[in-house]
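The chain contents come next:
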Amino acid sequence: MFQKIFFVLLVCVCGADETSNASCDGTAYLQLSGEQEKISSQTRRRKTSAWCYTAPCDEIKKRCLLEGQCCSVAEVCVVQPQPTPTPLVVQIFADLSCQTPIRTVVLTASTAPQCTNCADKCHIQGNTADPEWKSMNITGPGSVAATNNCVGSFPSPSTFGTTATAASGCVDHGSLGVPNSFSLLISCSGTLTGQSSASFNTACSR
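The present account deals with the structure reproduced in this document. (Residues numbered from 1 in each chain as written. Predicted model: local features only at pLDDT ≥ 70, side-chain atom pairs only at ≥ 80, totals over all residues. Heavy atoms only, no water.)

Further remarks concern the pairing of strand β7 (residues 144-147). Alternating residues of β7 divide into V144 and A146 and A145 and T147, and every residue in both groups is buried. By the bridge criterion, 4 bridges tie β7 to strand β9 (residues 184-187) in an arrangement that is antiparallel. Bridged to V144 within β9 is S187. (Buried < 20%, exposed > 50% of the residue type's maximum accessible area, 1.4 Å probe, protein only. Helix = DSSP H or I, 4+ residues; strand = E, 2+ residues; numbered from the N terminus. Pairing = 2+ DSSP bridges.)

Here the focus is the sheet that holds β9. Ordered by their spatial adjacency, 3 strands build an open sheet running β5-β9-β7, and the pairing between neighbours is antiparallel. Edge positions in the open sheet fall to β5 (118-120) and β7, since each of these has one partner strand only. Looking at each pair of strands side by side, their axes are set apart by 15 degrees on average, direction ignored. Summarising the sheet, β5 and β9 pair through 3 bridges and their orientation is antiparallel. Looking at the pairing, C118 lines up with I186 of β9. (Axes fitted to C-alpha atoms, helices over the stretch in contact; angles between N-to-C directions.)

Tallied over the entire structure, the rule returns 7 disulfides. The side chain of C57 participates in a disulfide bridge whose partner is C77; the two sulfur atoms lie 2.0 Å from each other. Given an S-S torsion of about 75 degrees, the disulfide between C57 and C77 has right-handed geometry. On the criterion of sequence distance, the pair formed by C57 in helix α3 (residues 57-67) and C77 in the loop between α4 (71-74) and β1 (89-93) is long-range, its members being 20 residues apart. A relative accessible area of 18% places C77 in the buried class. Here C98 is linked by a disulfide to C170, with a sulfur-sulfur distance of 2.0 Å. In this structure the cystine formed by C98 and C170 twists about its S-S bond by roughly 90 degrees; its chirality is therefore right-handed. Within this pair, whereas C98 is found in the loop between β1 and β2 (101-106), its partner C170 is found in the loop between β7 and β8 (171-172), the two being separated by 72 residues in sequence. For C98, a relative accessible area of 14% corresponds to the buried category. Owing to a relative accessible area of 37%, C170 belongs among the partly exposed residues under this scheme. (Disulfide = S-S within 2.5 Å.)

Right, dumping it as structure tokens:
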């Protein structure tokens, strides 16, 4: 309504005084354009639907910037930082009762030639031979599968036993059905290629 009234007044003033037509064509038109833009912006900012109060803040700010909606909410909401994922960590022991760890591995950040999210004894120890991996203690979310063969070191498929989690506490190789000792520990969120992949998928119910 204000736009119509302003436009009518502009036409009347400009029509009544022909000597001021140059000014009407320039300054007055710019004033009208400015008022229209101001009103349009205010109208867009008033459009606040129920969605604006439930959507994530980053989406709300994007809607305000691109479409002029939810701006009253966008001005006060705060974009929350993405939470840092909790890593899955295993402590590895040379004894059966988890007394003194010989190695600590962040499984979710460890890889080997044929696996991800894994600790392969033959690959990870480098030039320093570890004692046998007899037991482990897990912290963090997720399940860990284990076998007694390193990935790619033996031509025959390795058989995975049952899985363990942080709630399992100290876990020795025998309790998971793994003979002799652990040689490969792998998170069920990881991947494994080669002949042992079928057994791994079965152990992790995938």
